[in-house]
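Okay, here's what each chain looks like letter by letter:
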Amino acid sequence: AVDFLFGFEVGKLSSEGLLAAMGHCFFTLSLASGAIMTYGAYLPDGKSIARTTFMVAICDTTVALMAGLAIFPVIFANGMDPSSGPGLIFMSLPLAFQQMPFGTLLEILFFIMLTIAALTSAISMVEATIAWLNESKGISRVKASWGVGIVLWVVSTLAMLSFNVGADWTLAGKHFFGWLDYLTSRFMMPLGGLGMAILAGFVLRNEIFRSELGLSSAQHALWLFMIRYVSPLGIMLILSLIHI
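Residues numbered from 1 in each chain as written. Predicted model: local features only at pLDDT ≥ 70, side-chain atom pairs only at ≥ 80, totals over all residues. Heavy atoms only, no water.

Visitor: So what exactly am I meant to see when it comes to the overall build of the chain here?
Guide: The secondary structure content of the chain amounts to ten helices and zero strands. The order of helices and strands in the chain, counted from the N terminus, is α-α-α-α-α-α-α-α-α-α. If one aligns the C-alpha atoms of the chain with their principal axes, the spans along those axes are about 55 × 50 × 45 Å. The proportion of buried residues among the 244 residues of the chain is 23%. A fraction of 52% describes how many contacts in the chain between residues 6 or more apart in sequence connect residues 24 or more apart. (Helix = DSSP H or I, 4+ residues; strand = E, 2+ residues; numbered from the N terminus. Buried < 20%, exposed > 50% of the residue type's maximum accessible area, 1.4 Å probe, protein only. Contact = heavy atoms within 4.5 Å.)

Given below as structure tokens:
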């Protein structure tokens with residue numbers, strides 16, 4: 001499991017791997033999807049955006065590595081395919097819980113907490129859209145919430161059906177969930193991040209960020225250079241390597 005997670009071979013690094021890694025970065029940190037922007041918008045006055053950003057990135061990476069070190073040993077010990085994707089959590093963890101004292105109880109509690117985590121994540125993901133409909137279009141929060149919720153329910157149901165009765169509904173070898181995952185994580189989120197970087201670096205007034213971030217002059221200059229040039233060029237470079 002350690003070799004699988006941390007082993008690095010330059011020869012196996014491909015453009016598709018770079019694109020998947022970039023998409024995963026955007027996905028796991030909720031960048032370019034509105035969630036992290038929503039949390040930032042509701043951050044209390046006096047909280048350091050820069051310090052909070054670093055803490056989120058560090059904690060997210062630490063938890064992800066801990067989860068990998070917990071899940072993949074079970075995967076290899078039971079001869080399962082480590083490339084099965086998000087479904088691994090529903091295959092490996094039940095096996096691990098079965099070998100623990102009070103495993104059934106712990107398994108039930110774990111999946112209840114997982115359901116709560118998924119629900120709260122869904123709420124944060126749709127809040128940006130609901131806030132936009134409410135503040136820009138004048139639609140009440142109740143109507144906006146119901147509308148966005150119904151759309152989310154339909155898309156989620158189609159994604160769920162991809163693993164059972166809709167598994168054979170494919171286009172170019174991918175079912176609905178496969179296309180949803182492929183297009184969002186590999187293209188839509190990176191392109192959204194690129195748009196946000198350009199918006200923050202070149203369109204919005206620099207004084208806004210200088211005031212909100214609370215960085216020193218040197219730190220702010222470094223941030224501005226990264227957001228204007230390094231981040232957009234890095235995203236465009238990785239996207240340019242892909243043969244669509």
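That was the structure; now back to the text.
Visitor: Would you explain helix α8 (residues 176-203) in this entry?
Guide: Side chains three or four residues apart in an α-helix point the same way, a direct result of the helix having 3.6 residues per turn. In the structure, α8 departs most strongly from a straight axis at Thr-184, where the bend amounts to approximately 40°. Those residues of α8 lying buried are Gly-178, Ser-185, Arg-186, Phe-187, Met-189, Pro-190, Gly-193, Leu-194, Ala-197, Ala-200 and Gly-201. On its buried face, α8 sits against α2 (15-28), α9 (206-213) and α10 (217-240). (Bend = angle between axes of the 7 residues up to and from the residue.)

Visitor: Just to check I follow, could you spell out unusual backbone geometry for this structure?
Guide: Note: most peptide bonds trans; most residues except glycine with negative phi. Phi is positive for Phe-102, which is not a glycine, with a value near 55°. Summarising the element assignment, Phe-102 is placed in the loop between α5 (88-98) and α6 (103-136). A positive phi angle, near 55°, is found at Ala-172, a position not held by glycine. Inspection of the secondary structure puts Ala-172 in the loop between α7 (141-161) and α8.

Visitor: Teacher, can you tell me more about the packing of α2 against α8 here?
Guide: Packed helices, taken two at a time, are described by their axes: the angle between them and the distance between them. At their nearest, the axes of α2 and α8 sit 8 Å apart, and the two run at 70° to each other. In terms of their interaxial angle, α2 and α8 are classed as roughly perpendicular. For the pair α2 and α8, the crossing hand works out as left-handed. Contacts between α2 and α8 involve Glu-16, Leu-19, Ala-20, Met-22, Gly-23, Phe-26 and Phe-27 on the former and, on the latter, Tyr-182, Ser-185, Arg-186, Phe-187, Met-189, Pro-190 and Gly-193. Across the contact of α2 with α8, the residue classes break down as nine nonpolar, three polar and two charged. (Axes fitted to C-alpha atoms, helices over the stretch in contact; angles between N-to-C directions. Parallel < 35°, antiparallel > 145°, perpendicular 65-115°, else oblique. Left-handed = near helix turned anticlockwise from the far one by under 90°. Nonpolar A, V, L, I, M, F, W, Y, C, P; charged D, E, K, R; others polar.)

Visitor: Hey, could you run me through α5 in this one?
Guide: Of all the residues in α5, the buried ones are Leu-88, Ile-89, Ser-92, Leu-93, Pro-94, Ala-96 and Phe-97. As for α5, its buried residues are in contact with α4 (49-77) and α6.

Visitor: How should I be thinking about the nonpolar core in this particular structure?
Guide: Core analysis: the biggest nonpolar cluster contains nine residues, these being Leu-19, Met-22, Phe-26, Phe-187, Met-189, Leu-194, Ile-235, Ile-238 and Leu-239. Those elements giving two or more residues to this core turn out to be α2, α8 and α10. Here Phe-26 is in contact with Leu-31, Ala-32, Met-189, Pro-190, Gly-193 and Ile-235, once residues within four sequence places are set aside. Core analysis: the next-biggest nonpolar cluster, separate from the first, contains eight residues, Ile-71, Leu-88, Ile-89 and Phe-97 among them. (Core = buried A, V, L, I, M, F, W, Y, C linked by side-chain atoms within 4.5 Å.)

Visitor: What's the story with the confidence of the model for the chain in this structure? I'm lost.
Guide: Low-pLDDT portions of the prediction should not be read for the details of their coordinates. The share of residues in the chain with pLDDT of 70 or more is 97%, and the mean pLDDT across the chain is 84. Element-level mean pLDDT values for the chain span from 77 in α5 up to 91 in α7. (pLDDT = per-residue confidence, 0-100.)

Visitor: Explanation requested: the packing of aromatic side chains in the structure shown.
Guide: For any two aromatic rings, the description comes down to two numbers: the centre-to-centre distance and the angle of the planes. All told, the structure shown has ten aromatic pairs when counted by the stated rule. Here Phe-72 and Phe-76 contribute two aromatic rings whose centre-to-centre distance is 6.5 Å and whose plane-to-plane angle is 35°, an arrangement assigned as tilted. With a gap of four residues between them, Phe-72 and Phe-76 both fall in helix α4, about one helical turn apart. Exposure remark for Phe-72: the relative accessible area of 14% places this residue in the buried category. On the numbers, 6.1 Å between centres and 85° between planes, the contact of Phe-202 with Tyr-229 is edge-to-face. Taken together, the residues Phe-202 in helix α8 and Tyr-229 in helix α10 connect sequence positions 27 residues apart. (Phe/Tyr/Trp six-rings, centres within 6.5 Å; stacked < 30°, edge-to-face > 60°.)

Visitor: Sorry if this is basic, but what is going on with the state of the cysteines here?
Guide: Working definition: the covalent bond between the sulfur atoms of two cysteines is a disulfide. A complete count under the given rule lists zero disulfides for this structure. Not part of a disulfide, Cys-25 finds its nearest cysteine sulfur in Cys-59, a span of 16 Å. (Disulfide = S-S within 2.5 Å.)

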